[in-house]
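Structural description and commentary
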Amino acid sequence: VQLQASGGGLVRPGGSLRLSCETSGRTFSTYGMGWFRQAPGMEREFVAIITGSGSYTVYADSVKGRFTISRDNAKNTVYLEMNSLKPEDTAVYYCAANIRGVSLNPSAYDYWGRGTQVTVSS
């Protein structure tokens, strides 16, 4: 299984970005998917997760109400819509796949993309 994240960039505070993560594999709809992020000098942290059907999502408190995770199983792609971005959202964002379902713990995920840089700065 390969994951390719894209959509990062430089944005001003209050701006928006949409991250995409295209995934290989014929059983994408059975994978729990997550977005995580890692800022310099910090541990990787949970941002949002979504079940295989897309019916259940969980968000970190720091992004709740601003970020939306979604997926299109026909396109093998998971998205992270990020609005009202803040400088503290600056990090490398990673998508990950869990063949057993969803988890808030990064170590539970089986496959990871390379990450995409998001920088929020004026």
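Residues numbered from 1 in each chain as written. Predicted model: local features only at pLDDT ≥ 70, side-chain atom pairs only at ≥ 80, totals over all residues. Heavy atoms only, no water.

Moving on, we get to the overall build of the protein chain. What the protein chain contains, in helices and strands, is zero helices and eleven strands. By the compact-globule yardstick of 14 Å for 122 residues, the protein chain fits well, its C-alpha radius of gyration being 13 Å. Look at the contacts in the protein chain between residues 6 or more apart in sequence, and 55% of them connect residues 24 or more apart. In the structure as shown, the protein chain presents an accessible area of about 6300 Å², 47% of it carried by carbon and sulfur atoms. Of the charged side chains in the protein chain, 12 are positive and 9 negative, and the gap between their average positions amounts to 4 Å. (Helix = DSSP H or I, 4+ residues; strand = E, 2+ residues; numbered from the N terminus. Rg over C-alpha atoms; globule rule 2.2 N^0.38 Å. Contact = heavy atoms within 4.5 Å. Areas by Shrake-Rupley, 256 points an atom, 1.4 Å probe, with all protein chains shown as cover. Lys, Arg positive; Asp, Glu negative; His and termini not counted. Charge placed at Lys NZ, Arg CZ, Asp CG, Glu CD.)

Read across the sheet, four strands follow the order 1-3-8-7 without closing on themselves; strand pairing throughout is antiparallel. Single-partner strands in this sheet number two, and they are strand 1 (3-6) and strand 7 (67-72). Geometrically, the sheet is characterised by an average inter-axis angle of 15° between neighbouring strands, direction not taken into account. Direction of pairing for strand 3 (residues 17-23) relative to strand 8 (residues 77-82): antiparallel, over a ladder of six bridges. In the sheet register, C21 faces strand 8, and the bridge partner there is V78. (Pairing = 2+ DSSP bridges. Axes fitted to C-alpha atoms, helices over the stretch in contact; angles between N-to-C directions.)

Here F28 lies in the loop between strand 3 and strand 4 (32-38). Overall, the relative accessible area of 1% leaves F28 in the buried class. A C-alpha to C-alpha distance of 31 Å links F28 and K86, two positions 58 residues apart in sequence. Leaving out residues up to four positions away in the same chain, F28 has contacts with T23, M33, R71, D72, N73, N76, T77 and V78. (Buried < 20%, exposed > 50% of the residue type's maximum accessible area, 1.4 Å probe, protein only.)

What follows covers the pairing of strand 1. The two faces of strand 1 differ: L3 and A5 on one face are buried, but Q4 and S6 on the other face are not. By the bridge criterion, four bridges tie strand 1 to strand 3 in an arrangement that is antiparallel. Paired with Q4 across the strands is E22, a residue of strand 3.

Moving on, we get to the pattern of salt bridges. Throughout the structure, instances matching the rule amount to six salt bridges. Between R37 and D89 there is a salt bridge, with the nearest N and O atoms lying 2.9 Å from each other. Here the residue R37 occupies a position in strand 4, and D89 occupies one in the loop between strand 8 and strand 9 (91-98), the gap between them amounting to 52 residues. Take R37: its relative accessible area is 6%, and that puts it in the buried class. Judged by its relative accessible area of 1%, D89 is buried. Across the pair D89 and R66 runs a salt bridge whose closest N-O atoms are separated by 2.8 Å. On the criterion of sequence distance, the pair formed by D89 in the loop between strand 8 and strand 9 and R66 in the loop between strand 6 (57-59) and strand 7 is long-range, its members being 23 residues apart. Several salt bridges converge on common partners, so that one network encompasses R37, E45, R66 and D89. (Salt bridge = Lys/Arg side-chain N within 4 Å of Asp/Glu carboxyl O.)

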